[in-house]
Amino acid sequence: MDLAALLDRIADDVTPEIGRGAVADYIPALAQADPHRFGMAVAEVDGSLHGVGDWRQPFSIQSMSKVFTLALTLAHGDDVWTRVGREPSGNPFNSLVQLENEDGIPRNPFINAGALVVTDELASHGDAAGALLTFLREESGNPGIGVDAEVATSEAGHADRNRALAYFMASYGNIRNPVPDVLAQYVRQCSIAMSCADVARSAVFLARHGLRNDGTRLLGLSAAKRINAVMLTCGTYDAAGEFAYRVGLPGKSGVGGGIVAIVPGRCAVCVWSPGLDARGNSVAGVAALDRFTTLTGWSIF
Ligand SMILES: NC(=O)CC[C@H](N)C(=O)O
């Protein structure tokens, strides 16, 4: 399959979708994003890389970081699964509503509550955001990857919802490090800026059943398979059913407008366009992945 030509065609096909939706503005720095940007990259398991549009342009990875922190945490063992579930929440990514009835155990690691628990667990093994940056730089081959300081400051100044989630879980004993430290780590991880090329290359270990780009193993086969399963069922929040229906791949979105999707055994795909739908997923991004699986037949179903 000529993936370069395919990506050109997808970019053409989704042109009417680019600019639709609304950029996230609850983190003020994200509101400055240009909704007319669009990029898409595919990293194959053999190391080849293809892209179209703004695929080399760094953007705020936001919740896509949650896939990588979960993977790094599971590389230390399975303990985190006693503290976070694996069920879709059916609620918005920053919702508080289920936590009180469910003893402070978040539904899954990809909503904010669950991601805070994962970061807390990873922080018990050292500097969580530092470990994440090291991993992303090594995997992508881009040592320039870093935290966007403006986004980090903006996010830290508008983190009351995440602060509430973290303190509430701490009251159940499900945040173990000091809440301000966990929040600082979480804000740093969300504020990392990467391009579609960087994200796709950093995520291809999930298509390679846990093997990193240098051939070493980050995760066992089961852990890699399980992350893909949780991405499929929970990676796009209360739109995960719709995403599975339209795209049919494990995927994880972020409010910066990125979505990373995995074709097990073949490739990782990252698409970026900042205009979001009401549930926080990129409008053009979902459309592009929909075209990608339709044209290639590479859905898991
Ligand atoms: N869905 C997202 O990308 C949300 C991430 C964002 N940093 C937040 O915590 O609200």
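Residues numbered from 1 in each chain as written. Predicted model: local features only at pLDDT ≥ 70, side-chain atom pairs only at ≥ 80, totals over all residues.

This next bit is on the overall build of the protein. Helix and strand content of the protein: eleven helices and eight strands. The C-alpha atoms of the protein give 17 Å as radius of gyration, which agrees with the globular expectation for 301 residues (19 Å, within 12%). For the protein, the spread of C-alpha atoms along the principal axes amounts to about 55 × 40 × 35 Å. Here the protein holds 301 residues, and 55% of them are scored as buried. Partitioning the intrachain contacts of the protein with sequence separation of at least 6 by distance along the chain shows that 69% fall at a separation of at least 24. (Helix = DSSP H or I, 4+ residues; strand = E, 2+ residues; numbered from the N terminus. Rg over C-alpha atoms; globule rule 2.2 N^0.38 Å. Buried ≥ 20, exposed ≤ 12 C-beta atoms within 10 Å, placed from the backbone. Contact = placed C-beta atoms within 7 Å.)

For the rest of this paragraph, the subject is the site of the ligand. Near the ligand the following residues occur: Gln62, Ser63, Phe93, Asn94, Asn112, Glu155, Asn162, Cys190, Gly254, Val255 and Gly280. Taken together, the residues that form the shell around the ligand break down as three nonpolar, seven polar and one charged. (Near = placed C-beta within 6 Å. Nonpolar A, V, L, I, M, F, W, Y, C, P; charged D, E, K, R; others polar.)

We now examine the sheet that holds strand β5 (residues 192–194). The antiparallel open sheet is built from three strands, whose spatial order is β3-β5-β4. In this open sheet, the two strands that pair with only one neighbour each are β3 (59–60) and β4 (146–147). Of the strand pairs in this sheet, β3 and β5 are connected by two bridges, and their pairing is antiparallel. When the bridges of β5 are listed, Phe59 appears paired with Met194. (Pairing = 2+ DSSP bridges.)

Turning next to the sheet that holds strand β1 (residues 39–44). Judged by pairing direction, the sheet is antiparallel, and its five strands sit side by side in the order β2-β1-β8-β7-β6 without closing on themselves. Each edge of the open sheet carries a strand with a single partner, namely β2 (49–53) and β6 (251–253). In this sheet, adjacent strand axes meet at a mean angle of 10° when their direction is disregarded. When β1 meets β2, the two strands line up antiparallel, connected through five bridges. Paired with Val42 across the two strands is His50, which belongs to β2. Packing against the sheet, helix α1 (residues 3–13) makes contact with β1 and β2, and its axis sits at approximately 25° to β2. In the packing of helix α11 (residues 283–296) onto the sheet, the strands contacted are β1, β6, β7 (258–263) and β8 (267–272), and the crossing angle to β8 comes to about 145°. (Axes fitted to C-alpha atoms, helices over the stretch in contact; angles between N-to-C directions.)

Once that is clear, we can look at helix α2 (residues 65–74). Counting buried residues along α2, ten of its ten residues qualify, which places the element largely inside the surrounding structure. Burial in α2 covers these residues: Ser65, Lys66, Val67, Phe68, Thr69, Leu70, Ala71, Leu72, Thr73 and Leu74.

This paragraph deals with the packing of helix α3 (residues 112–123) against helix α6 (residues 160–171). One way to put it is that α3 packs onto α6 with a least axis distance of 10 Å and a crossing angle of 65°. The handedness of the crossing between α3 and α6 is right-handed. Between α3 and α6, the residues in contact are Asn112, Ala113, Leu116 and Val117 and Asn162, Leu165, Ala166 and Met169, respectively. Per-class residue counts for the contact of α3 with α6 are six nonpolar, two polar and no charged. (Left-handed = near helix turned anticlockwise from the far one by under 90°.)

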